[in-house]
Amino acid sequence: QVQLVESGGGLVQAGGSLRLSCAASGSIFSIYTMGWYRQAPGKQRELVAGITNGGITNYADSVKGRFTISRDNAKNTVYLQMNALKPEDTAVYYCNVRQQVEYYWGQGTQVTVSS
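Residues numbered from 1 in each chain as written. Predicted model: local features only at pLDDT ≥ 70, side-chain atom pairs only at ≥ 80, totals over all residues. Heavy atoms only, no water.

Chemist: So, the pattern of salt bridges: which residues are in play, and what are the values?
Modeler: Under the counting rule described, the total for this entry stands at 4 salt bridges. With a closest N to O distance of 2.8 Å, Glu-46 and Arg-38 form a salt bridge. Accessibility expressed as a relative area gives 5% for Arg-38, which makes it buried. Here Arg-66 and Asp-89 are joined by a salt bridge, their closest N and O atoms 2.8 Å apart. You can see Arg-66 sitting in the loop between β6 (57-59) and β7 (67-72) and its partner Asp-89 sitting in the loop between β8 (77-82) and β9 (91-99), a full 23 residues away along the chain. The same class applies to Arg-66 and to Asp-89, which are both buried. (Salt bridge = Lys/Arg side-chain N within 4 Å of Asp/Glu carboxyl O. Buried < 20%, exposed > 50% of the residue type's maximum accessible area, 1.4 Å probe, protein only. Helix = DSSP H or I, 4+ residues; strand = E, 2+ residues; numbered from the N terminus.)

This is the structure we're talking about:
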């Protein structure tokens, strides 16, 4: 089993920054994609940012230019640097890791942006 431990969430004012981290442990063989999803009240869960094992990234249009995803393969860790945060970024953020045909999820971390 793979376990994902998330950290870095919290409360921040609009325009501020947060950095989320997600470290994978357990039965690690070869991680393919890593990413961050979020779910806001009354909204569907959406992909915020993803990164492949080759370093190719993609972002939701709403966060382009503000968020940056990165990974440290040696540490099996993915990061999400969030700048210029907006109230609409408020959501529970979930780390996701794909290893071969398996997908794993973190427990979620709350990000709240006040206006």
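So much for the structure itself; the text now carries on.
Chemist: I'd love a proper account of the nonpolar core, names of residues and values included.
Modeler: Core analysis: the biggest nonpolar cluster contains 28 residues, and Trp-36, Leu-80, Met-82 and Tyr-93 have the highest contact counts within it. Listing elements by their share of this core, those giving two or more residues are β1 (2-7), β3 (18-26), β4 (31-39), β5 (46-51), β7, β8, β9 and β11 (109-114). When neighbours within four sequence positions are excluded, Tyr-93 is seen to be in contact with Glu-6, Leu-20, Trp-36, Tyr-37, Arg-38, Val-48, Phe-67, Leu-80, Met-82, Gly-108, Thr-109 and Val-111. (Core = buried A, V, L, I, M, F, W, Y, C linked by side-chain atoms within 4.5 Å. Contact = heavy atoms within 4.5 Å.)

Chemist: Account for the state of the cysteines, naming residues and giving values.
Modeler: Simply put, disulfide is the name for a covalent bond between the sulfur atoms of two cysteines. Evaluation of the coordinates by the stated rule reveals 1 disulfide. Here Cys-22 pairs with Cys-95 through a disulfide, and the sulfurs are 2.1 Å apart. An S-S torsion of about -85 degrees defines the bridge between Cys-22 and Cys-95 as left-handed. With a gap of 73 residues between them, Cys-22 in strand β3 and Cys-95 in strand β9 connect regions that are remote in the sequence. The exposure class of Cys-22 is buried, given its relative accessible area of 0%. Under the relative-accessibility criterion, Cys-95 is labelled buried at 0%. (Disulfide = S-S within 2.5 Å.)

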